[in-house]
Amino acid sequence: MELDDVKISRAIIESFMEDFIDYTDIDVAIGGGGPSGLVAGYYLAKAGLKVALFERKLSIGGGMWGGGMMFNKIVVQEESKRILDEFGIGSQKYDDDYYVADSVECVSTLCSKATQAGLKIFNLISIEDVMMKESKDVAGLVLNWSAVEMGRLHVDPLTIRTKAVIDATGHDCEVVKVVEKKVGPKLNTETGTIIGEKPMWAEVGEKALMDNTKEVYPGLYVTGMAANAVYGSPRMGPIFGGMLLSGERIAEILIEKLK
Ligand code: 48H
Ligand code: FE2
């Protein structure tokens, strides 16, 4: 077989464009490919919803690769071990009720199982804004190549339509920040605004996360670290059980709403 350089290029361009066009009108768009976004995407796709995840960076996985302080291990608590099991991620028991997992195995397996379940991942794309119509509900995402953002180029974005957006962008809760900037203090929080992440306290941070995993503005949902940042709950360090459970929870909420 003789290799045709141009045919290789055409295959890539055609296939990517087909996917991108196909995903301009979807059920759920997830912002951020850390653990919470990947788990949410897995369950939503498994339930048959059309769901895409947009990740700014080249690599998927967010803050999970580096474990704690670059020791590439993560800890999960008893309640969330079943999610590691669902994905087939190995773990070792530590003491009575902690489990330790390899962070590289975690990210690669979450990514692999989620895409195989039907989650479409677009990396190297940043969410820079949301679309709103008369109702002022969040009705779409405004996207641009991360290279445009990094190069500070003045290039206008493109827009996709979606029934729901999940902010899974981690500590910076970037999608909620954009919405707050546009609508003012109208978020579903005590102050109507983003309250801001509180200091380290794993016990409270992990518990609060489940309550914080919800709709924060019509059409906009939060999961993972973004949820604790928006609702003013503590950070929790390298215990990742809450991230997994929060991803699962937000998927359950949306499956019930959209199915
Ligand atoms: C596209 C974006 C944008 C944007 C950001 O930080 P993450 O890993 O998020 P979570 O919530 O799934 O997991 C949090 C966890 O990693 C963590 O930091 C913990 C548990 N910390 C505790 C502590 O005490 O510090 O992933 C978010 C992803 C990243 O990959 C970003 O690149 C991406 O979102 N992202 N993608 N458009 N505007 N903003
Ligand atoms: Fe973190």
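Whatever comes next refers back to the structure up there.
Residues numbered from 1 in each chain as written. Chains lettered and ligands numbered in written order. Predicted model: local features only at pLDDT ≥ 70, side-chain atom pairs only at ≥ 80, totals over all residues. Heavy atoms only, no water.

**Regarding the overall build of the protein**
For clarity, the threshold we go by: Note on conventions: DSSP H or I runs of at least 4 residues are helices, E runs of at least 2 residues are strands, and numbering of each starts at the N terminus. The globule rule used here is 2.2 Å times the number of residues to the 0.38 power, and the radius of gyration it is set against is calculated over C-alpha atoms. Contact definition: two residues touch when any of their heavy atoms are within 4.5 Å. Areas reported here follow the Shrake-Rupley algorithm with a probe of radius 1.4 Å; residue values treat only the protein chains shown as occluding. This count recognises Lys and Arg as positive and Asp and Glu as negative, with His and chain-terminal groups excluded. Working definition for charges: the position is that of NZ of Lys, CZ of Arg, CG of Asp or CD of Glu.
Scanning the protein for helices and strands turns up nine helices and 11 strands. Rg of the C-alpha trace for the protein: 18 Å, near the compact-globule value of 18 Å for 259 residues, within the 12% margin. Put simply, 66% of the contacts in the protein that link residues at least 6 apart link residues at least 24 apart. When the accessible surface of the protein is summed, it comes to about 13300 Å², and 55% of that surface belongs to carbon and sulfur atoms. The positive charge centre, built from 28 side chains, and the negative charge centre, built from 38, are 3 Å apart in the protein.

**Things to note about the packing of helix 2 (residues 35–46) against helix 4 (residues 103–117)**
Here is the rule we go by: Lines are fitted to the C-alpha atoms to define the axes, a helix being fitted only along its stretch in contact, and any angle between axes, read from their N-to-C directions, falls within 0 to 180 degrees. Note on angle classes: values under 35 degrees are labelled roughly parallel, values over 145 roughly antiparallel, values of 65 to 115 roughly perpendicular, and the remainder oblique. Take the far helix as the reference: if the near one is turned anticlockwise from it by less than a right angle, the crossing is left-handed, and if turned clockwise, right-handed. Ten residues, namely Ala, Val, Leu, Ile, Met, Phe, Trp, Tyr, Cys and Pro, are considered nonpolar, four, namely Asp, Glu, Lys and Arg, are considered charged, and the remaining ones, Gly among them, are considered polar.
Two elements in contact, helix 2 and helix 4, have axes whose closest approach is 8 Å; the angle formed by their N-to-C orientations is 25°. When the axis of helix 2 is compared with that of helix 4, the two are roughly parallel. Handedness of the crossing formed by helix 2 with helix 4: left-handed. On the side of helix 2, the interface is formed by Pro-35, Leu-38, Val-39, Tyr-42, Ala-45 and Lys-46, while helix 4 contributes Leu-110, Cys-111, Lys-113, Ala-114 and Ala-117. Residue classes in the contact of helix 2 with helix 4 are distributed as nine nonpolar, no polar and two charged.

**Considering the environment of Lys-198**
Heads up, the condition is: Under this definition, polar contacts are N or O atom pairs within 3.5 Å; protein pairs additionally need one hydrogen-donor-capable and one acceptor-capable atom, and for neighbouring residues in sequence, both atoms have to be side-chain atoms.
Considering the arrangement of structural elements, one finds Lys-198 in the loop between helix 6 (174–183) and helix 7 (202–212). Here the alpha-carbon distance between Lys-198 and Phe-122, two residues 76 residues apart in the chain, equals 31 Å. When sequence neighbours within four positions are dropped, the list of residues in contact with Lys-198 reads Gly-232, Ser-233, Pro-234 and Arg-235. Looking at Lys-198, its side chain comes within polar contact range of the main-chain oxygen of Gly-196, at 3.5 Å.

**Re the site of ligand 1**
For the record, the criterion: Being near a molecule or strand, for a residue, means having at least one of its heavy atoms within 4 Å of it.
Taken together, 26 residues lie near ligand 1, and Ser-36, Glu-55, Gly-63, Arg-235 and Gly-237 sit nearest. Within the side chain of Glu-55, an N or O atom sits 2.6 Å from an oxygen atom of ligand 1. One nitrogen or oxygen atom from the side chain of Arg-235 is found 2.6 Å from an oxygen atom belonging to ligand 1. Considering ligand 1 on its own, with 790 Å² of exposed area, one finds that the protein chains cover 92% of that surface. Within the residue set of the shell around ligand 1, elements represented by two or more residues are helix 2, strand 2 (51–55) and strand 7 (125–132). Tallying contributions element by element places strand 7 first for the shell around ligand 1, with three residues. When its residues are assigned to classes, the shell around ligand 1 shows nine nonpolar, 12 polar and five charged.

**Some words on the nonpolar core**
Note the following rule: Residues enter a nonpolar core if they are buried and are Ala, Val, Leu, Ile, Met, Phe, Trp, Tyr or Cys, with the set joined through side-chain atoms within 4.5 Å. Three labels apply to residues, based on accessible area from a 1.4 Å probe with only protein chains included: buried if under 20% of the type maximum, exposed if over 50%, partly exposed otherwise in between.
By size, the foremost hydrophobic cluster in this structure holds 74 residues, and its most contacted members are Ile-30 and Phe-54. The element best represented in this core is helix 2, accounting for seven residues. Non-local contacts of Ile-30, meaning those with residues more than four positions away in its chain, are made with Gly-37, Ala-40, Gly-41, Leu-44, Val-51, Ala-52, Leu-53, Phe-54, Leu-119, Ile-166 and Ala-168.

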